[in-house]
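Coordinate analysis (summary)
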Amino acid sequence: MKIHVLNAAGDTIRTFSEEVKSGFNRFTWDLRENGVAFPSRREAKPNDDPPRGSEVMPGTYTLHFSHGEHTAQTTVVVHADPRITYAPGTWENRRKANEELAVVVKKATAGFDQIKAMRQTLDLVEKTMVNLPDSTQTQIKEWGKPLRDSLNRLEELYMEPEDVKGIKRNPTNLSSSLWSVRSYLREVNGEPSQMYRYSLEAARRHTDTVVAQVNSLINGDFAAYKAKVEAIQMPLFKPIDPVKDK
């Protein structure tokens, strides 16, 4: 079942899916809107739901349900936590702060996606060169090795190595910088705190520095590798001779 959450203005602010079966089904909307994708090794699938974002502001929301040819809708009223006194402008400030962070996160994620794209290109090149002479294959792999080393170093600027066991967080990598900003967003009551501003600017500078290194690799060593590989005639077919009578 696909669920679309609309705000009072009729804008879709959240889309998510639930597995359903015959009979009664229970599921929960977590009162969050769609968010932005943070850097991740996981490849998103075409039918994936958008990532979870921030908590919605108090108000009336309409939930639209669709399952095959069947549709339905209901209304949900979201209230502010009655235990907390919210300063004027809190919800608008949270919205603006989330938009500020989203700009930084999108840039960081775009950089990480380019790292994955370069690694996938190296893999593809090595798969398509199977009909080349062994010496040429060896040469191409030698060209690619320093690039793979550079990609590994860039990836570790984003997050922990893939083979790290258990939960281990490195406060110096970019993912930690981005998530730390998000943690301060939950505390916004009135104007965003000084720590939020500090962490946002730190994450922005961190992102700019790391993405600059990604772009440097794209425009430098990766471009040189691409030019050398494209200069080689890559045969798609290996020689296959007809069977002859002995």
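Residues numbered from 1 in each chain as written. Predicted model: local features only at pLDDT ≥ 70, side-chain atom pairs only at ≥ 80, totals over all residues. Heavy atoms only, no water.

With 12 residues, helix α3 (residues 174-185) extends 18 Å from end C-alpha to end C-alpha; this agrees with the ideal 16 Å at 1.5 Å per step. Where α3 is concerned, the buried positions are Leu174, Ser175, Ser177, Leu178, Val181, Arg182 and Leu185. Buried residues of α3, viewed axially, fall in a sector of 165 degrees; they line one side. Tucked into the core, α3 has its buried residues touching β3 (32-34), β4 (52-55), α1 (90-128), α2 (134-158) and α4 (194-230). The opening residue of α3 is Asn173, an N-cap whose side-chain oxygen sits 3.4 Å from the backbone nitrogen of Ser175. (Helix = DSSP H or I, 4+ residues; strand = E, 2+ residues; numbered from the N terminus. Expected span 1.5 Å × (residues − 1). Buried < 20%, exposed > 50% of the residue type's maximum accessible area, 1.4 Å probe, protein only. Arc of directions from axis to C-beta. Contact = heavy atoms within 4.5 Å. Polar contact = N/O pair within 3.5 Å; in protein donor to acceptor, adjacent residues only side chain to side chain.)

Okay, the confidence of the model for the protein next. Looking at the protein as a whole, its pLDDT mean stands at 92, while 97% of the residues score no less than 70. Taking the mean pLDDT of every element in the protein, the minimum, 91, falls on α3 and the maximum, 97, on strand β1 (residues 2-6). (pLDDT = per-residue confidence, 0-100.)

Another point: the layout of surface pockets. Taken as a whole, the largest pocket holds about 1100 Å³ of empty space. Among the elements of the structure, β3, β4, α1 and α3 are those that each provide at least two residues to the lining of the largest pocket. Among the elements that line the lining of the largest pocket, the one with the most residues is α1, at nine residues. A class-by-class count of the residues in the lining of the largest pocket yields 21 nonpolar, eight polar and 15 charged. (1 Å grid on protein atoms, 1.4 Å probe; cavity = no way out; pocket = protein on both sides within 12 Å on 5 of 7 lines; lining within 4 Å. Points joined across faces, edges and corners; volume = space filled by probe spheres on them. Nonpolar A, V, L, I, M, F, W, Y, C, P; charged D, E, K, R; others polar.)

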